[in-house]
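Secondary and tertiary structure notes
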Amino acid sequence: LEKIKMKKIVILLVICILFFSSCDNILTLDQDIDSAQQTVNSFCCVLDDIDLAKSFLHPFSAPNKDRLDGFIINLQKAYDVDFSNGVKINNIEIEGFSLNDLSYNGSVYMFTVELSANHSTINMFFTVVDNNYGYGIHSFAIIE
């Protein structure tokens, strides 16, 4: 009878340890998602300052830092939007994430963002990557 009580106590302790260790992982994931979302938010808010916007890009971003200004100019022309007077984020949503994505060799977080700029509302898609090469926005585009 005493052995059965001890086994139940050990099983209960193992379950508690597993539960609380998974809670820590969930909290870390929430913080990682929040950090990636803040990166996207900060990037959007500085689209009128290309040099500052470059600081939020991943080292292997597409477009890369050297081509960001041309890419932004082409986006503005193609979609008749102007970021020079600032950007207001109306909504940002996480579309998905992967903590060990093989194609990025690290974590990837995907967001859609509705933003307003100069009386225009546009929707954009962002991918934030965290891997051994660095952290930042890996790619983004306007959603048609």
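Presented here is an overview of the structure given in this document. (Residues numbered from 1 in each chain as written. Predicted model: local features only at pLDDT ≥ 70, side-chain atom pairs only at ≥ 80, totals over all residues. Heavy atoms only, no water.)

1. Comments concerning the pairing of strand β3 (residues 106–117)
In this sheet, β3 lies alongside strand β2 (residues 88–101) in antiparallel orientation, the contact comprising ten bridges. Looking at the pairing, Ile92 lines up with Val113 of β3. Joining the antiparallel neighbours β2 and β3 is a turn of four residues, in which Asn105 adopts a positive phi near 55°. As defined by bridge partners, β3 adjoins strand β4 (residues 120–131) across twelve bridges and the pair is classed as antiparallel. Across the sheet, Ala117 pairs through a bridge with Ser120, a residue of β4. Where β3 folds back onto β4 in an antiparallel hairpin, the turn is made up of two residues, including Asn118, whose phi is positive at roughly 50°. (Pairing = 2+ DSSP bridges. Helix = DSSP H or I, 4+ residues; strand = E, 2+ residues; numbered from the N terminus.)

2. Focus: the pattern of salt bridges
It is possible for side chains of opposite charge to pair when their charged atoms get near one another. Enumeration over the complete set of coordinates arrives at one salt bridge. Salt-bridge contacts for Asp51 lead to Lys54; the nearest nitrogen and oxygen are separated by 3.9 Å. Of this pair, Asp51 and Lys54 both sit in helix α2 (residues 50–54), separated by three residues, roughly a single helical turn. (Salt bridge = Lys/Arg side-chain N within 4 Å of Asp/Glu carboxyl O.)

3. Remarks on unusual backbone geometry
The phi torsion of most residues other than glycine is negative, and most of the peptide bonds are trans. A cis amide bond links Ala62 with the next residue in sequence, Pro63, at an omega value of 10°. By the element assignment, Pro63 lies in the loop between β1 (57–62) and α3 (68–78). Within the chain, Asp80 stands out as a residue other than glycine whose phi angle is a positive 50°. With respect to the helices and strands, the residue Asp80 is situated in the loop between α3 and β2. By relative accessible area, Asp80 is classed as exposed at 66%. (Buried < 20%, exposed > 50% of the residue type's maximum accessible area, 1.4 Å probe, protein only.)

None of this, on its own, says anything about what the molecule does.
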